[in-house]
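Observations on chain architecture
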Amino acid sequence: MRQRARAEARAEDTRTDAAESSCAAGAPEALVPDLPSVTVERRVEWPDTDAAGHYHHSTVVRWVEAAEAVLLRRLGLSHLFGSTPRVRFEADYRARLWFGEAVRTELRVTKVGVSSLHYAFTVLGEEGTEAASGRMVIAHSAARATGATPWPADVREVLTKAGPQAPELITGTTGVTPCA
């Protein structure tokens, strides 16, 4: 099923990219309505680190998916969990993040296809340094479907018009003693 969903998402990307590069290329506002986004803050936990003490590359996937979960819940779309397989994930790693450091993951919807959803993300360290950036593509696959299926109209409406959501930030450190 995932292979078929990936193939359908790639075919949709090709069709959409061709359409965007033609008549709508000069009018970005016609292509990008008020797409949703969210910022989620977490800490680099001990299990997130490798032997060198900085975050392991796989942690970025977890942070991005955690931000996606926050976004979908805020949009009232938590029913999509289990019907949106990942078909592409790519990341560029730029800086180290260390155990205990606060990390912000900014997740933005960049395109809503017929059956795909494209995200871009940026992971920032405490000083605002970009530690990683990339993109993730998911495909909608309704229950018991054998491949990708179009987004329902109500879901498409939310995904194209919801706009930025309130951030989920770490709230204070009262009573926490740093390790020496």
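Residues numbered from 1 in each chain as written. Predicted model: local features only at pLDDT ≥ 70, side-chain atom pairs only at ≥ 80, totals over all residues. Heavy atoms only, no water.

**Side note on the overall build of the protein**
For clarity, the threshold we go by: Only runs of H or I of at least four residues qualify as helices and only runs of E of at least two qualify as strands under DSSP, and these elements are numbered from the N terminus. Accessibility here uses a 1.4 Å probe with only protein chains present; expressed as a share of the type maximum, an area under 20% marks a residue as buried, one over 50% as exposed, and anything in between as partly exposed. The contact rule is simple, with two residues in contact once any of their heavy atoms fall within 4.5 Å. We get accessible surface area from the Shrake-Rupley algorithm with a probe of 1.4 Å; when it comes to residues, only the shown protein chains can shield them.
Of regular secondary structure, the protein possesses four helices and five strands. Looking at the protein residue by residue over its 180 residues, the buried ones come to 42%. Sequence-distant contacts in the protein: of pairs separated by 6 or more residues, those separated by 24 or more amount to 71%. Accessible area for the protein stands at about 9,800 Å²; split by element, carbon and sulfur atoms hold 54% of it.

**Side note on the pattern of salt bridges**
Here the idea is simple: oppositely charged side chains can pair when their charged atoms come close. Formally: The term salt bridge refers to a side-chain nitrogen of Lys or Arg lying within 4 Å of a carboxyl oxygen of Asp or Glu.
Considering all chains together, one arrives at eleven salt bridges under this definition. The salt bridge involving Arg-104 is made with Glu-41; its shortest N-O contact spans 3.1 Å. Highlighted residues: Arg-104 in strand β3 (residues 102-112) and Glu-41 in strand β1 (residues 37-43), separated in sequence by 63 residues. Residue Arg-104 is classed as partly exposed on the basis of its relative accessible area, which comes to 34%. A residue is classified by how much of its surface remains accessible, and Glu-41, at 13% relative accessible area, is buried.

**Some words on unusual backbone geometry**
At Arg-144, a position not held by glycine, the phi torsion is positive, near 65 degrees. Here Arg-144 shows up in the loop between β5 (130-139) and α4 (153-161). Under the relative-accessibility criterion, Arg-144 is labelled exposed at 84%.

**Remarks on the pairing of strand β4 (residues 116-124)**
Worth spelling out the cut-off: We treat two strands as partners when DSSP finds at least two bridges between them.
The buried fraction of β4 is high, at nine of nine residues. As paired strands, β3 and β4 are joined by eight bridges and run antiparallel to one another. The residue of β4 that forms the bridge with Arg-104 is Leu-124. As paired elements, β4 and β5 share nine bridges and run antiparallel to each other.

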